[in-house]
Amino acid sequence: MNFKLSTFTAALLLCSASLSASADETCASPYMAKITGQEDFVYIWTLGAEGVGDEQDKLVTVDVNPKSKQYGKVVASLSVGGRNEAHHSDFTDDRRFLWAGGLDTNKIFIFDVATDPAKPKLTKTITDFVAKSGGVVGPHSLYALPGRMVITGLSNNKDHGGRTAIVEYSNAGDYIATYWLPTDDNLQGAIKSGKYADGYNYDVRALPRKNLMLTSSFTGWSNYMMDFGKMLNDQEAMKRFGNTVVQWDLHSRQPKKVFDVPGAPLEIRCAWDEAHNYCFTSTALTSKIWLIYQDDKGEWQAKDVADIGEPAKIPLPVDISISSDDKTLWVNTFMDGKTRRFDISDPFHPKQVFEQKIGAQVNMVSSSWDGKRLYYTSSLLANWDKKGADNEQYFKAYSWDGDKLTEQFSIDFNKEKLGRAHQMRFGAYALYGKAPK
């Protein structure tokens with residue numbers, strides 16, 4: 001491996017010691033420096049839209065500190081040139097840089113968020129991701145490990161299908177290695193536990209104390225760049241979705257086991273309590289919550305544990321967010337524009353206890369560590385978003401009191417000529433020893 005076991009172990013101890021005092025976005029990597037109070041900003045990786053403003057992808061910064069005079073306002077917007085199918089982003093472990101990917105052009109944009117958290121600066125653009133990785137297309141999830149960023153690809157440059165890999169970079173933006181997903185014809189030492197070993201990829205999360213890394217699966221470039229309605233009516237296209245979650249050895253990056261999780265499992269969210277050895281994912285096409293858990297024998301298993309809405313109506317579950325106390329899972333469903341709260345106190349029997357319509361469409365959700373603030377955005381993919389009046393594009397902030405969501409403010413990204421609001425990440429002056437300006 002590229003870093004020594006002693007370094008790896010030290011990083012584990014450091015982040016384990018810091019968790020109890022941290023307050024931050026609950027989907028964050030456990031290796032990442034944490035916000036220890038109120039977040040000051042939400043950075044929104046935004047798709048450029050034809051005919052809207054400068055039409056470029058951009059990083060939009062919104063002030064979300066209620067004590068600020070700029071609360072609820074856009075304080076910065078940094079365009080990166082062209083439309084790249086802006087999608088996901090995340091920080092390096094030291095939280096000084098935000099990496100953001102484009103699913104179509106395969107560019108990765110690296111922003112300095114430490115020098116001035118209110119006004120990120122674009123410091124580097126990686127343009128040779130496909131060549132360096134050996135043909136990986138569609139950089140999706142960007143996830144912090146000690147001194148490293150691991151990036152899930154969604155596709156490849158040979159057939160633009162779902163066969164793809166994980167790509168590893170240094171924090172400085174230098175390519176390190178490519179790890180292809182196991183397939184039927186090359187399991188790479190992994191155990192195939194069911195029918196599928198499709199080689200598809202989507203999200204990545206880790207449980208360091210269990211030396212566990214998990215990846216989920218979605219679809220390739222030929223599908224995610226296709227018009228949504230056209231794809232739904234294309235029988236061959238609908239066959240091109242992933243049905244697997246892969247268990248990896250986190251330290252060696254070796255795939256260990258392939259689970260059947262049919263219906264395109266998307267985001268993975270892992271429990272935070274050190275006694276809770278499990279993670280959740282949801283399946284877009286079959287509208288189910290799945291639990292990936294360690295059994296009494298120490299083996300990892302996958303189990304379908306709950307339905308989301310009415311699966312026959314395909315509400316299309318998209319993003320999920322777990323609470324820091326491991327008692328709540330927020331689940332967004334794109335088609336009906338709703339967010340749902342599931343009680344996951346018993347992870348094997350999640351129960352829906354709340355739902356609320358956020359908009360005509362809803363995609364991403366980010367929850368604060370204390371569970372009192374939730375943020376929502378609207379865009380899924382440029383060619384999958386709804387049309388006409390239902391093409392709402394927004395960023396919305398809510399408070400949660402344990403019983404109800406109350407909207408605090410909303411920013412209309414169409415009206416503000418910003419584009420399609422997609423993924424959110426939190427920023428704070430406190431991370432860098434700075435005081436609010």
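Remember, it's a predicted structure, so these values are computed and weren't measured experimentally.

On to the overall build of the chain. Per the secondary structure count, the chain includes 5 helices and 29 strands. Scaling as 2.2 N^0.38, a compact globule of 437 residues should have a C-alpha radius of gyration of about 22 Å, and the chain matches this with 20 Å. In terms of overall dimensions, the chain has a C-alpha envelope of 55 × 50 × 45 Å along the principal axes. Here the chain holds 437 residues, and 60% of them are scored as buried.

Turning to empty space enclosed by the protein, a few remarks are in order. All told, the structure shown has 4 cavities of 30 Å³ or more when counted by the stated rule. Here the largest cavity is characterised by a volume of approximately 90 Å³. Lining the largest cavity are 15 residues, and of these Phe-218, Leu-266, Leu-380, Leu-381 and Trp-384 lie nearest its centre.

Reading across the sheet, the 4 strands line up as 8-9-10-11 and stay open at both edges, with antiparallel pairing between neighbours. At either margin of the open sheet sits one strand with a lone partner, and together these are strand 8 (136–145) and strand 11 (175–180). Between one strand and the next, the sheet's axes are offset by a mean angle of 25°, whatever the strand orientation. Looking at chain direction, strand 10 (residues 165–170) and strand 11 are connected through 5 bridges and run antiparallel. Counted as the bridge partner of Tyr-169 is Tyr-175 from strand 11.

Even without glycine at this site, Asp-326 takes up a positive phi of about 65°. Among the secondary structure elements, Asp-326 is positioned in the loop between strand 21 (317–322) and strand 22 (328–333). Judged by relative accessible area, which is 2%, Asp-326 ranks as buried. The backbone phi angle of Lys-417 is positive, close to 60°, even though this residue is not glycine. Locating Lys-417 in the fold gives a position in the loop between strand 28 (405–412) and strand 29 (420–427).

Counted as a void, the second largest pocket has a volume near 310 Å³. A class-by-class count of the residues in the lining of the second largest pocket yields 5 nonpolar, 3 polar and 7 charged.

Another point: the pairing of strand 19 (residues 288–294). Burial within strand 19 is extensive, with 5 of its 7 residues counted as buried. Two strands pair when backbone bridges link them, and strand 18 (residues 278–283) and strand 19 are joined in this way by 6 bridges, in the antiparallel orientation. Looking at the pairing, Cys-279 lines up with Ile-292 of strand 19. Joining the antiparallel neighbours strand 18 and strand 19 is a turn of 4 residues, in which Ser-287 adopts a positive phi near 55°. Here 7 bridges tie strand 19 to strand 20 (residues 300–307), and the two strands are oriented antiparallel to one another. By the bridge assignment for strand 20, Gln-294 is matched with Trp-300. Where strand 19 hands over to strand 20, the hairpin turn is made up of 5 residues, of which Gly-298 adopts a positive phi near 85°.

This part takes up the nonpolar core. Membership of the largest hydrophobic core comes to 38 residues, with the highest contact counts inside it found for Ile-44, Phe-111 and Phe-395. Of all the secondary-structure elements, those providing two or more residues to this core are strand 1 (41–47), strand 2 (58–63), strand 4 (86–91), strand 5 (97–102), strand 6 (108–112), strand 27 (394–400), strand 28 and strand 29. Counting residues per element, this core draws most heavily on strand 1, at 6 residues. Not counting the four nearest positions on each side in its chain, Phe-111 is found in contact with Trp-45, Leu-59, Leu-78, Val-80, Arg-96, Phe-97, Leu-98, Ala-100, Pro-120, Lys-121 and Leu-122. Among the nonpolar cores identified, the runner-up in size contains 22 residues, and Val-130, Tyr-224, Met-226 and Leu-380 belong to it.

You can see Gly-199 is positioned in the loop between strand 12 (191–192) and strand 13 (204–207). On the accessibility criterion, Gly-199 (2% relative accessible area) is buried. Each C-alpha atom of the pair Gly-199 and Trp-180 lies 7.5 Å from the other, and the pair is 19 residues apart in sequence. Residues within four places of Gly-199 in sequence aside, it is in contact with Gly-162, Arg-163, Thr-164, Leu-181, Pro-182 and Thr-183.

Definitions and cut-offs
Residues numbered from 1 in each chain as written. Predicted model: local features only at pLDDT ≥ 70, side-chain atom pairs only at ≥ 80, totals over all residues. Heavy atoms only, no water. Helix = DSSP H or I, 4+ residues; strand = E, 2+ residues; numbered from the N terminus. Rg over C-alpha atoms; globule rule 2.2 N^0.38 Å. Buried < 20%, exposed > 50% of the residue type's maximum accessible area, 1.4 Å probe, protein only. 1 Å grid on protein atoms, 1.4 Å probe; cavity = no way out; pocket = protein on both sides within 12 Å on 5 of 7 lines; lining within 4 Å. Points joined across faces, edges and corners; volume = space filled by probe spheres on them. Pairing = 2+ DSSP bridges. Axes fitted to C-alpha atoms, helices over the stretch in contact; angles between N-to-C directions. Nonpolar A, V, L, I, M, F, W, Y, C, P; charged D, E, K, R; others polar. Core = buried A, V, L, I, M, F, W, Y, C linked by side-chain atoms within 4.5 Å. Contact = heavy atoms within 4.5 Å.

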